[in-house]
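# Working through the structure, step by step
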Amino acid sequence: QKEVEQDPGPLSVPEGAIVSLNCTYSNSAFQYFMWYRQYSRKGPELLMYTYSSGNKEDGRFTAQVDKSSKYISLFIRDSQPSDSATYLCAFYSGYSTLTFGKGTMLLVSP
Amino acid sequence: DAGITQSPRHKVTETGTPVTLRCHQTENHRYMYWYRQDPGHGLRLIHYSYGVKDTDKGEVSDGYSVSRSKTEDFLLTLESATSSQTSVYFCAISPGQGGTEAFFGQGTRLTVV
(Lines give C-alpha, C1' and ligand atoms only; values in the text may rest on other atoms or scores of the structure.)
Protein backbone atom coordinates (compact mmCIF):
# COMPACT_ATOMS: atom_id res chain seq x y z
CA GLN A 1 0.00 0.00 0.00
CA LYS A 2 1.38 3.39 -0.98
CA GLU A 3 1.94 5.80 1.86
CA VAL A 4 0.04 8.61 0.12
CA GLU A 5 -2.49 8.35 -2.71
CA GLN A 6 -3.58 11.35 -4.74
CA ASP A 7 -5.48 11.29 -8.03
CA PRO A 8 -3.33 13.02 -10.67
CA GLY A 9 -6.31 14.39 -12.62
CA PRO A 10 -6.64 16.59 -14.54
CA LEU A 11 -9.78 17.81 -12.85
CA SER A 12 -11.63 20.22 -15.14
CA VAL A 13 -14.35 22.49 -13.76
CA PRO A 14 -16.14 25.65 -14.89
CA GLU A 15 -15.49 28.95 -13.16
CA GLY A 16 -17.55 29.31 -10.00
CA ALA A 17 -17.70 25.59 -9.25
CA ILE A 18 -16.87 24.07 -5.89
CA VAL A 19 -13.74 21.95 -6.15
CA SER A 20 -12.88 19.00 -3.96
CA LEU A 21 -9.32 17.67 -3.90
CA ASN A 22 -8.45 14.63 -1.84
CA CYS A 23 -5.63 12.50 -0.51
CA THR A 24 -5.59 9.26 1.41
CA TYR A 25 -2.69 8.09 3.51
CA SER A 26 -1.68 4.98 5.38
CA ASN A 27 0.79 6.23 8.00
CA SER A 28 -1.13 6.73 11.24
CA ALA A 29 1.85 8.66 12.64
CA PHE A 30 1.11 11.66 10.42
CA GLN A 31 0.04 14.58 12.61
CA TYR A 32 0.47 17.61 10.37
CA PHE A 33 -1.41 18.03 7.12
CA MET A 34 -0.61 20.52 4.41
CA TRP A 35 -1.74 21.59 0.97
CA TYR A 36 0.64 23.18 -1.50
CA ARG A 37 -0.27 24.86 -4.76
CA GLN A 38 2.12 24.75 -7.69
CA TYR A 39 1.70 26.82 -10.81
CA SER A 40 3.30 25.62 -14.02
CA ARG A 41 7.09 26.02 -13.99
CA LYS A 42 7.03 27.46 -10.45
CA GLY A 43 7.93 26.12 -7.04
CA PRO A 44 5.22 24.82 -4.70
CA GLU A 45 3.76 27.35 -2.26
CA LEU A 46 2.14 26.51 1.06
CA LEU A 47 -1.61 27.05 0.92
CA MET A 48 -3.01 25.52 4.08
CA TYR A 49 -1.54 23.88 7.16
CA THR A 50 -3.55 21.98 9.77
CA TYR A 51 -2.83 19.92 12.81
CA SER A 52 -5.24 17.20 14.00
CA SER A 53 -8.69 16.38 12.66
CA GLY A 54 -11.32 18.93 11.74
CA ASN A 55 -11.75 21.83 9.37
CA LYS A 56 -9.73 24.95 8.74
CA GLU A 57 -10.97 27.78 6.58
CA ASP A 58 -9.03 30.52 4.82
CA GLY A 59 -11.05 32.63 2.45
CA ARG A 60 -12.33 30.44 -0.38
CA PHE A 61 -10.26 27.49 0.80
CA THR A 62 -11.23 24.90 3.41
CA ALA A 63 -8.95 22.08 4.52
CA GLN A 64 -10.55 19.06 6.12
CA VAL A 65 -8.80 16.24 7.98
CA ASP A 66 -10.38 12.94 8.98
CA LYS A 67 -7.71 11.01 10.84
CA SER A 68 -10.00 8.07 11.56
CA SER A 69 -10.43 7.49 7.83
CA LYS A 70 -6.90 8.69 6.96
CA TYR A 71 -8.37 11.10 4.45
CA ILE A 72 -7.76 14.78 3.84
CA SER A 73 -9.54 17.19 1.52
CA LEU A 74 -9.16 20.68 0.17
CA PHE A 75 -12.29 22.49 -0.93
CA ILE A 76 -12.20 25.55 -3.13
CA ARG A 77 -15.36 27.63 -3.32
CA ASP A 78 -16.21 29.91 -6.23
CA SER A 79 -13.26 28.58 -8.21
CA GLN A 80 -11.43 31.01 -10.49
CA PRO A 81 -9.24 30.47 -13.58
CA SER A 82 -6.34 31.68 -11.43
CA ASP A 83 -6.85 28.57 -9.27
CA SER A 84 -5.66 26.43 -12.19
CA ALA A 85 -2.57 24.72 -10.82
CA THR A 86 -1.35 21.44 -9.40
CA TYR A 87 -2.30 20.85 -5.77
CA LEU A 88 -0.02 18.73 -3.62
CA CYS A 89 -0.96 17.24 -0.29
CA ALA A 90 1.84 16.82 2.23
CA PHE A 91 2.19 15.10 5.57
CA TYR A 92 4.51 15.22 8.54
CA SER A 93 4.73 12.81 11.45
CA GLY A 94 6.64 15.02 13.86
CA TYR A 95 10.00 13.54 12.99
CA SER A 96 11.93 12.95 9.80
CA THR A 97 10.71 14.97 6.82
CA LEU A 98 7.65 15.78 4.72
CA THR A 99 5.89 13.17 2.60
CA PHE A 100 4.22 14.55 -0.52
CA GLY A 101 1.44 13.27 -2.70
CA LYS A 102 2.09 13.32 -6.43
CA GLY A 103 -0.32 16.18 -7.01
CA THR A 104 -3.68 16.77 -8.71
CA MET A 105 -3.85 19.08 -11.70
CA LEU A 106 -6.84 21.44 -11.58
CA LEU A 107 -8.12 23.32 -14.63
CA VAL A 108 -10.75 26.02 -14.12
CA SER A 109 -12.26 27.25 -17.36
CA PRO A 110 -13.78 30.75 -17.74
CA ASP B 1 7.98 35.60 -1.31
CA ALA B 2 10.46 33.94 1.00
CA GLY B 3 14.04 34.96 0.26
CA ILE B 4 15.24 31.88 -1.53
CA THR B 5 17.17 31.86 -4.77
CA GLN B 6 18.28 28.94 -6.88
CA SER B 7 21.01 29.09 -9.47
CA PRO B 8 21.28 28.35 -12.25
CA ARG B 9 17.61 28.26 -13.32
CA HIS B 10 18.37 26.16 -16.38
CA LYS B 11 21.32 23.98 -17.26
CA VAL B 12 22.21 21.49 -19.95
CA THR B 13 25.18 19.27 -19.25
CA GLU B 14 26.83 16.18 -20.67
CA THR B 15 26.76 12.72 -19.16
CA GLY B 16 29.67 12.14 -16.83
CA THR B 17 30.34 15.76 -15.93
CA PRO B 18 30.00 17.10 -12.38
CA VAL B 19 27.27 19.67 -11.77
CA THR B 20 26.64 21.91 -8.78
CA LEU B 21 23.36 23.62 -8.03
CA ARG B 22 23.17 26.42 -5.50
CA CYS B 23 20.44 27.42 -3.10
CA HIS B 24 20.76 30.73 -1.28
CA GLN B 25 18.40 31.99 1.43
CA THR B 26 18.09 35.28 3.24
CA GLU B 27 15.60 34.07 5.89
CA ASN B 28 18.17 32.56 8.28
CA HIS B 29 16.11 29.34 8.44
CA ARG B 30 17.83 26.37 10.00
CA TYR B 31 16.51 23.68 7.68
CA MET B 32 17.24 23.43 3.96
CA TYR B 33 16.17 20.72 1.54
CA TRP B 34 16.86 19.55 -1.97
CA TYR B 35 14.04 17.81 -3.88
CA ARG B 36 13.69 16.56 -7.39
CA GLN B 37 10.34 16.52 -9.19
CA ASP B 38 9.60 14.11 -12.01
CA PRO B 39 6.36 13.20 -13.79
CA GLY B 40 4.73 10.24 -12.10
CA HIS B 41 6.96 10.49 -9.04
CA GLY B 42 6.11 13.83 -7.52
CA LEU B 43 8.53 15.53 -5.16
CA ARG B 44 11.24 13.31 -3.76
CA LEU B 45 13.73 14.35 -1.11
CA ILE B 46 17.40 14.06 -2.08
CA HIS B 47 19.24 15.50 0.93
CA TYR B 48 18.51 17.94 3.68
CA SER B 49 20.42 20.01 6.19
CA TYR B 50 19.55 20.88 9.77
CA GLY B 51 22.45 23.24 10.35
CA VAL B 52 25.85 24.30 9.11
CA LYS B 53 27.80 21.17 8.20
CA ASP B 54 24.86 18.99 9.36
CA THR B 55 23.25 17.05 6.54
CA ASP B 56 21.36 13.83 6.04
CA LYS B 57 20.20 11.65 3.17
CA GLY B 58 16.73 11.59 1.76
CA GLU B 59 14.80 9.09 -0.30
CA VAL B 60 16.85 9.39 -3.52
CA SER B 61 20.37 10.38 -2.46
CA ASP B 62 22.45 8.03 -4.64
CA GLY B 63 24.63 10.00 -7.05
CA TYR B 64 24.21 13.25 -5.15
CA SER B 65 26.20 15.00 -2.46
CA VAL B 66 25.55 18.21 -0.56
CA SER B 67 27.43 20.77 1.44
CA ARG B 68 26.44 23.57 3.75
CA SER B 69 29.32 25.71 4.95
CA LYS B 70 27.16 28.76 5.72
CA THR B 71 23.62 29.10 7.02
CA GLU B 72 22.48 30.78 3.83
CA ASP B 73 23.93 28.42 1.22
CA PHE B 74 23.14 24.78 0.44
CA LEU B 75 24.89 23.20 -2.52
CA LEU B 76 23.79 20.09 -4.39
CA THR B 77 26.43 18.29 -6.46
CA LEU B 78 25.85 15.62 -9.05
CA GLU B 79 29.18 13.90 -8.96
CA SER B 80 28.94 12.38 -12.44
CA ALA B 81 25.71 13.37 -14.14
CA THR B 82 23.57 10.68 -15.76
CA SER B 83 20.50 10.97 -17.97
CA SER B 84 18.35 9.65 -15.11
CA GLN B 85 19.21 12.83 -13.22
CA THR B 86 17.44 14.97 -15.80
CA SER B 87 14.80 16.61 -13.65
CA VAL B 88 13.55 19.77 -12.04
CA TYR B 89 15.34 20.42 -8.77
CA PHE B 90 13.76 22.43 -5.97
CA CYS B 91 15.38 23.83 -2.89
CA ALA B 92 13.20 24.45 0.15
CA ILE B 93 13.76 26.12 3.51
CA SER B 94 11.88 25.92 6.75
CA PRO B 95 12.22 27.38 10.23
CA GLY B 96 11.30 24.13 11.95
CA GLN B 97 11.96 20.45 11.67
CA GLY B 98 10.22 18.46 8.99
CA GLY B 99 9.42 21.41 6.79
CA THR B 100 5.88 21.86 8.05
CA GLU B 101 6.09 25.41 6.76
CA ALA B 102 8.47 24.90 3.89
CA PHE B 103 9.10 27.61 1.33
CA PHE B 104 10.30 26.53 -2.08
CA GLY B 105 12.58 28.13 -4.61
CA GLN B 106 11.65 28.56 -8.25
CA GLY B 107 13.46 25.43 -9.35
CA THR B 108 16.38 24.49 -11.58
CA ARG B 109 15.62 22.63 -14.77
CA LEU B 110 18.55 20.28 -15.45
CA THR B 111 18.97 18.32 -18.64
CA VAL B 112 21.71 15.70 -18.93
CA VAL B 113 22.47 14.75 -22.55
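For the structure, see preceding data.
Now for a look at the structure at hand. (Residues numbered from 1 in each chain as written. Chains lettered and ligands numbered in written order. Predicted model: local features only at pLDDT ≥ 70, side-chain atom pairs only at ≥ 80, totals over all residues. Heavy atoms only, no water.)

### So, the sheet that holds strand β3 (residues 19-25) of chain B
All names here are of chain B. Ordered by their spatial adjacency, four strands build an open sheet running β1-β3-β8-β7, and the pairing between neighbours is antiparallel. For this open sheet the edge positions go to β1 (4-7) and β7 (64-70), each flanked by a neighbour on one side alone. Between one strand and the next, the sheet's axes are offset by a mean angle of 20°, whatever the strand orientation. Two elements, β1 and β3, share four bridges in a ladder whose sense is antiparallel. If you follow Ser7 over to β3, its bridge partner there is Arg22. (Pairing = 2+ DSSP bridges. Helix = DSSP H or I, 4+ residues; strand = E, 2+ residues; numbered from the N terminus. Axes fitted to C-alpha atoms, helices over the stretch in contact; angles between N-to-C directions.)

### Re the pattern of salt bridges
Scanning all chains against the criterion turns up seven salt bridges over all chains. With a shortest N-O distance of 2.9 Å, Arg60 of chain A and Asp83 of chain A are connected by a salt bridge. Within this pair, whereas Arg60 of chain A is found in the loop between β6 (54-58) and β7 (61-66), its partner Asp83 of chain A is found in the loop between β8 (71-76) and β9 (85-92), the two being separated by 23 residues in sequence. Here Arg60 of chain A falls in the partly exposed class, since its relative accessible area comes to 26%. The exposure class assigned to Asp83 of chain A is buried, which follows from its relative accessible area of 1%. Here Asp38 of chain B ties to Arg44 of chain B by a salt bridge, and the two come within 3.0 Å at their closest N and O atoms. The residues Asp38 of chain B and Arg44 of chain B share a single accessibility class, namely buried. Where salt bridges share partners, they join Arg22, Lys70 and Asp73 of chain B into one cluster. (Salt bridge = Lys/Arg side-chain N within 4 Å of Asp/Glu carboxyl O. Buried < 20%, exposed > 50% of the residue type's maximum accessible area, 1.4 Å probe, protein only.)

### Things to note about the nonpolar core
Trp35, Ile72, Leu74, Tyr87 and Phe91 of chain A are the most contacted members of the largest nonpolar core, which totals 24 residues. Elements that contribute at least two residues to this core include exactly β3 (19-25), β4 (32-38), β5 (45-51), β7, β8, β9 and β11 (104-109) of chain A. The residues contacting Leu74 of chain A, other than those within four sequence positions of it, are Val19, Ser20, Leu21, Trp35, Leu47, Met48, Phe61, Thr62, Ala63 and Tyr87 of chain A. By size, the runner-up hydrophobic cluster in this structure holds 19 residues, among which are Ile4, Trp34, Tyr89 and Ile93 of chain B. (Core = buried A, V, L, I, M, F, W, Y, C linked by side-chain atoms within 4.5 Å. Contact = heavy atoms within 4.5 Å.)

### Details of the environment of Pro39 of chain B
All names here are of chain B. Counting through the fold element by element, Pro39 comes out in the loop between β4 (31-38) and β5 (42-51). For Pro39, a relative accessible area of 79% corresponds to the exposed category. Taking the C-alpha atoms as reference points, Pro39 and Thr13, separated by 26 residues in sequence, lie 21 Å from one another.

### Points about the packing of aromatic side chains
For the structure shown, the criterion picks out 18 aromatic pairs over all chains. Here the aromatic rings of Tyr25 of chain A and Phe30 of chain A are separated by 5.8 Å at their centres, their planes lie at 50°, and the arrangement is tilted. Each ring, one from Phe30 of chain A and one from Phe91 of chain A, has its centre 5.1 Å from the other, and the planes form 25°; the classification is stacked. In this pair, Phe30 of chain A is assigned in the loop between β3 and β4 and Phe91 of chain A in strand β9, connecting sequence segments 61 residues apart. Each member of the pair, Phe30 of chain A as well as Phe91 of chain A, is classed as buried. Grouping aromatic residues by their ring pairs yields a cluster made of Tyr36 and Phe100 of chain A together with Tyr33, Tyr35, Tyr48, Tyr50, Phe90 and Phe104 of chain B. (Phe/Tyr/Trp six-rings, centres within 6.5 Å; stacked < 30°, edge-to-face > 60°.)

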